[in-house]
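# Remarks on the overall topology
Letter by letter, the chains look like this.
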Amino acid sequence: YFPNLVALDVSTCAISNCVSLKKLLRADALKIKELGIGCNRLDDDVLLQCLANDDDSIDLASASDNTYIQILSLKQSSISGKSLSQLASKFMHTLCRLDVSWCNSIHGRDFEFLSGLKRLEELICNNSRRLDSNDVINLVLKLPTLRLLSCINCPLVKLQKLKSKVPATIWGRIVIRV
C-alpha cells in the first residue's frame, strides 16, 4: 500500500465493478483526501458498493471509512440523484469540492440533496443538461459555505434570471460561472 497517497484519480479507467477500488479505499493507513473516479461506466450501484463498508450494503451513512475525502470528482459518470443523496449523507462534514460535470443522469431537482453538505465550497456541474436556473438559485440559497458554482454550458441556466432572483448579499460571497 501507499501510506503517503492523499490523491487518486482513476477517471480514465473503465470502472465497471468496485472490487479493486474498494480494496484500495479500505486499506489501513490510507487517507485519500482527493478522489477522481468519474467515467461513463460508473453508475449508482458501482459507486455505492465501492464506498460502502461491507460487500452487501449500499448504505453509505452506515459506512465508517472514506469519510476523509474532501475533493470528489465524478465527472462523466452515470450516477443519478440516488448517489447524490447517499454522498451528501456520507460526506456531510468533509466534502469541500464536488465535480459532477457531464453527469446527465442527474436531474436538476436532484441537486437539492447536496444542501446537507456543511463544508461544500465548490460545486462544478458544467454541461449538465437538466440543471436549470431555479435549481441553481436553490443551491446558492441553501449552501452558505459555497464560494464557487460552475454551470458552464448548462443550457437551462440563465444568468439574467439568476441576477434577478439571487439576493445581492449572496453575489458578494459566491462566484457563479455560467
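Everything quoted here is computed from the prediction, not taken from an experiment.

Since the α-helix turns once every 3.6 residues, residues separated by three or four places project in the same direction. A large share of helix α2 (residues 44-51) lies buried, amounting to six of its eight residues. For α2, the side-chain oxygen to backbone nitrogen distance between the N-cap and Asp45 is 3.3 Å, and the N-cap itself is Asp43.

Okay, the confidence of the model for the protein next. When the pLDDT values of the protein are averaged, the result is 85; 87% of them are 70 or greater. Confidence drops under a pLDDT of 50 for residues 56-65, and excluding neighbours within four residues, the segment shows 28 contacts in the predicted structure.

Strands sit in the order β1-β2-β3-β4-β5-β6-β7 across an open sheet of seven strands; the sheet is parallel. Looking at the sheet topology across the chains shown, the edges are occupied by β1 (7-9) and β7 (175-177). The sheet shows a mean angle of 5° between the axes of neighbouring strands, direction not considered. Strand direction decides the pairing type here: strand β6 (residues 148-150) and β7, joined by three bridges, are parallel. Counterpart to Ser150 in the pairing with β7 is Arg177.

Our next topic: helix α3 (residues 81-90). Looking at α3, one finds that the buried residues are Gly81, Ser83, Leu84, Leu87, Ala88 and Lys90. Those residues of α3 that are buried lie in contact with α2, β3 (71-73) and β4 (97-99).

As a further point, take the side chain of Ser80. Following the sequence through the fold, Ser80 ends up in the loop between β3 and α3. Aside from chain neighbours lying at most four places away, what touches Ser80 is Asp44, Ser105, Ile106 and Asp110.

Right, let's talk about unusual backbone geometry for a bit. A positive phi angle, near 65°, is found at Gln76, a position not held by glycine. If you trace the backbone, Gln76 turns up in the loop between β3 and α3. Located in the positive-phi region is Trp102, a residue other than glycine, with phi close to 65°.

What follows covers the nonpolar core. Counting 50 residues, the largest nonpolar core has Leu74, Leu98, Val100, Leu123 and Leu149 as the members making the most contacts within it. Counting only elements with at least two residues in this core, the list comes to α2, α3 and α4 (133-142). Among residues more than four places away in sequence, those in contact with Val100 are Leu74, Lys75, Ile79, Leu84, Ile106, Phe111, Leu123, Ile124, Cys125 and Ser128.

Basis of the calculations
- Residues numbered from 1 in each chain as written.
- Predicted model: local features only at pLDDT ≥ 70, side-chain atom pairs only at ≥ 80, totals over all residues.
- Heavy atoms only, no water.
- Buried < 20%, exposed > 50% of the residue type's maximum accessible area, 1.4 Å probe, protein only.
- Helix = DSSP H or I, 4+ residues; strand = E, 2+ residues; numbered from the N terminus.
- Polar contact = N/O pair within 3.5 Å; in protein donor to acceptor, adjacent residues only side chain to side chain.
- pLDDT = per-residue confidence, 0-100.
- Contact = heavy atoms within 4.5 Å.
- Pairing = 2+ DSSP bridges.
- Axes fitted to C-alpha atoms, helices over the stretch in contact; angles between N-to-C directions.
- Core = buried A, V, L, I, M, F, W, Y, C linked by side-chain atoms within 4.5 Å.

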